[in-house]
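Spelled out, the chains give:
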Amino acid sequence: MVLTNNITSIFLLGFPNLENMTFPFFFLLVLIFCGTISGNLLIMVLYLVSKTLQSPMYFFITQLSLCDLLLTTDIVPVLLHTVLYGGSSITLIGCFIQFYIFTASECSECLLLSVMSYDRYVAICKPLHYHSFMSQKMCVIFVIGIWLVGCLASFTYIFSLYNLYFCGPHVIDHFFCDFEPLVKLSCSDTFIIHVHILIFGSAFVVTPFLVIVTSYVYIVITILKIPSSTGRHKAFSTCSSHLIVVSIFYGTIIIVYMFPTKEELLLLSKILSLMYTVVTPLLNPIIYTLRNNDFKEALYKIKLSFR
């Protein structure tokens, strides 16, 4: 017997107690949104037009920018409406679509960060084999595989959610359609879907994180064997930006999803969710461009070409 859902739309509460902070918070989000779009598009354009950036590391950074653009355009417009009007209504199908794009971009980013750590491992620990291990063909295969796996895995999430019976209430105390708030609207038995999510969460969060940690253990051991302090500093500097991005991204993800959220900690959970859905996509291009001389030189050359 197929049950028809009692709810067709969902109301997102967002941040209902902003009071006098509504407009400042709204304009801050607008600035972050514009900065995120501009920064990530700038990285992608620089990669396309600059010959000095044609390397695997920068190719992966452009894919990270693509993940951030997808995430930002998926989450922030609805968030802006929610903040400005004290809430936002979204159809159940629209909620599924938002969650699908969110999951696809986050799964892809987890895998991409692990591949980027492998790239740094090969560059530092096996430099003589770098061009064979990280050839252009291999990098394209990595990226295609990451997007396919991320999109297919997200589809399984949505398929599991779609088969649930949603009976209400139709209100979510969050600013976007996340997994746990959506499942709470269901009257179906959600044990299987929680097991399913736990398995896939381990595959897309824990496993890539272990790959990153293992890569950097070998990287640190190799760097410490370099006799000159200048050589050690140069090797560490090539990894620092990636380590900062990984720390911010995984730090908030693990806190939000690996620890159960109590009702009294709901606001903290929303703030942490803001970190990896809104703030991190802005920080990524800033970290990679401000700490990277190649990007600075490419940008400088473009400025000169317009003079």
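Predicted model, so just to flag it, every value in this text is computed and none were measured.

1. Some remarks on the overall build of the protein
1) Next: The secondary structure content of the protein amounts to 10 helices and 3 strands.
2) Next: Its C-alpha atoms give the protein a radius of gyration of 21 Å, within 12% of the compact-globule value 19 Å for 307 residues.
3) Next: With the principal axes as the frame, the protein shows a C-alpha extent of 65 × 45 × 35 Å.
4) Next: A buried classification covers 47% of the 307 residues belonging to the protein.
5) Next: Counted over contacts in the protein with a minimum sequence separation of 6, partners at least 24 positions apart contribute 80%.

2. A word on the environment of Thr103
1) Next: Tracing the sequence through the fold places Thr103 in helix α3 (residues 92-125).
2) Next: Sequence separation of Thr103 and Ile158 is 55 residues, and the distance between their C-alpha atoms is 9.4 Å.
3) Next: If near-sequence neighbours (up to four positions away) are discounted, Thr103 is found in contact with Ser154 and Tyr157.

3. Overview of the sheet that holds strand β1 (residues 9-12)
Strand-to-strand pairing in sheets goes through backbone hydrogen bonds, with the strands running parallel or antiparallel.
1) Next: The sheet built from 3 strands is open, its strands ordered β2-β1-β3 with mixed pairing. Edge positions in the sheet fall to β2 (88-91) and β3 (171-172), since each of these pairs with one other strand and no more.
2) Next: In this structure, β1 lies alongside β3, joined through 2 bridges in parallel fashion. Opposite Leu12, over in β3, you have Ile172 as the bridge partner.
3) Next: Its contacts with the sheet place α3 against β1 and β2, and it is angled at close to 90° to β2.

4. Regarding helix α2 (residues 56-85)
1) Next: The first and last C-alpha atoms of α2 sit 44 Å apart over 30 residues, in line with the 44 Å expected at 1.5 Å per residue.
2) Next: By the criterion of burial, α2 is predominantly enclosed, with 22 of the 30 residues buried.
3) Next: Gly86 sits one or two residues past α2 and shows a positive phi near 75°.

5. What about the UniProt feature "transmembrane region" (unreviewed entry) in the protein?
1) Next: Residues annotated in UniProt with the feature "transmembrane region" (unreviewed entry) correspond here to residues 25-49, 139-159, 191-224, 236-259 and 271-290.
2) Next: Split by type, residues 139-159 is 100% helix and 0% strand. Its first and last C-alpha atoms lie 30 Å apart.

6. A word on helix α5 (residues 136-162)
Residues that lie three or four places apart on an α-helix share one face, since the helix turns once every 3.6 residues.
1) Next: Its 27 residues place the ends of α5 39 Å apart at the C-alpha level, agreeing with the 39 Å of an ideal helix rising 1.5 Å per residue.
2) Next: Within α5, burial applies to Cys139, Val143, Ile146, Trp147, Gly150, Ala153, Ser154, Tyr157, Ile158, Ser160 and Leu161.
3) Next: Those residues of α5 that are buried lie in contact with α2, α3, α6 (179-183) and α7 (191-224).

7. A word on the packing of aromatic side chains
1) Next: Evaluation of the coordinates by the stated rule reveals 18 aromatic pairs.
2) Next: Relative to Phe159, the ring of Phe155 lies with its centre 6.4 Å away and its plane at 25°, an arrangement referred to as stacked. Placement of the pair is Phe155 and Phe159 together in helix α5, with a separation of 4 residues, close to one helical turn.
3) Next: With 5.2 Å between their ring centres and 55° between their planes, Phe175 and Phe176 make a pair best called tilted. Judged on exposure class, the residue Phe175 and its partner Phe176 are both buried.
4) Next: Residue placement shows Lys270 over the ring face of Phe15; its charged tip is 5.6 Å from the ring centre.

8. Some points on the pattern of salt bridges
1) Next: Applying the stated rule across the entire model yields 2 salt bridges.
2) Next: For Arg120, the salt bridge goes to Asp119, with nearest N and O atoms at 2.8 Å.
3) Next: For Arg120, a relative accessible area of 9% gives the class buried.
4) Next: A salt bridge links Asp173 to Lys270, with the shortest nitrogen-to-oxygen separation between them at 2.6 Å. Of this pair, Asp173 sits in the loop between β3 and α6 while Lys270 sits in helix α9 (residues 266-290); the two residues are 97 residues apart in sequence, bridging distant segments of the chain.

Reading the values: rules and limits
Residues numbered from 1 in each chain as written. Predicted model: local features only at pLDDT ≥ 70, side-chain atom pairs only at ≥ 80, totals over all residues. Heavy atoms only, no water. Helix = DSSP H or I, 4+ residues; strand = E, 2+ residues; numbered from the N terminus. Rg over C-alpha atoms; globule rule 2.2 N^0.38 Å. Buried < 20%, exposed > 50% of the residue type's maximum accessible area, 1.4 Å probe, protein only. Contact = heavy atoms within 4.5 Å. Pairing = 2+ DSSP bridges. Axes fitted to C-alpha atoms, helices over the stretch in contact; angles between N-to-C directions. Expected span 1.5 Å × (residues − 1). UniProt positions renumbered as here; feature names shortened; annotations may be inferred. Phe/Tyr/Trp six-rings, centres within 6.5 Å; stacked < 30°, edge-to-face > 60°. Lys NZ or Arg CZ within 6 Å of the ring centre and 35° of its normal. Salt bridge = Lys/Arg side-chain N within 4 Å of Asp/Glu carboxyl O.

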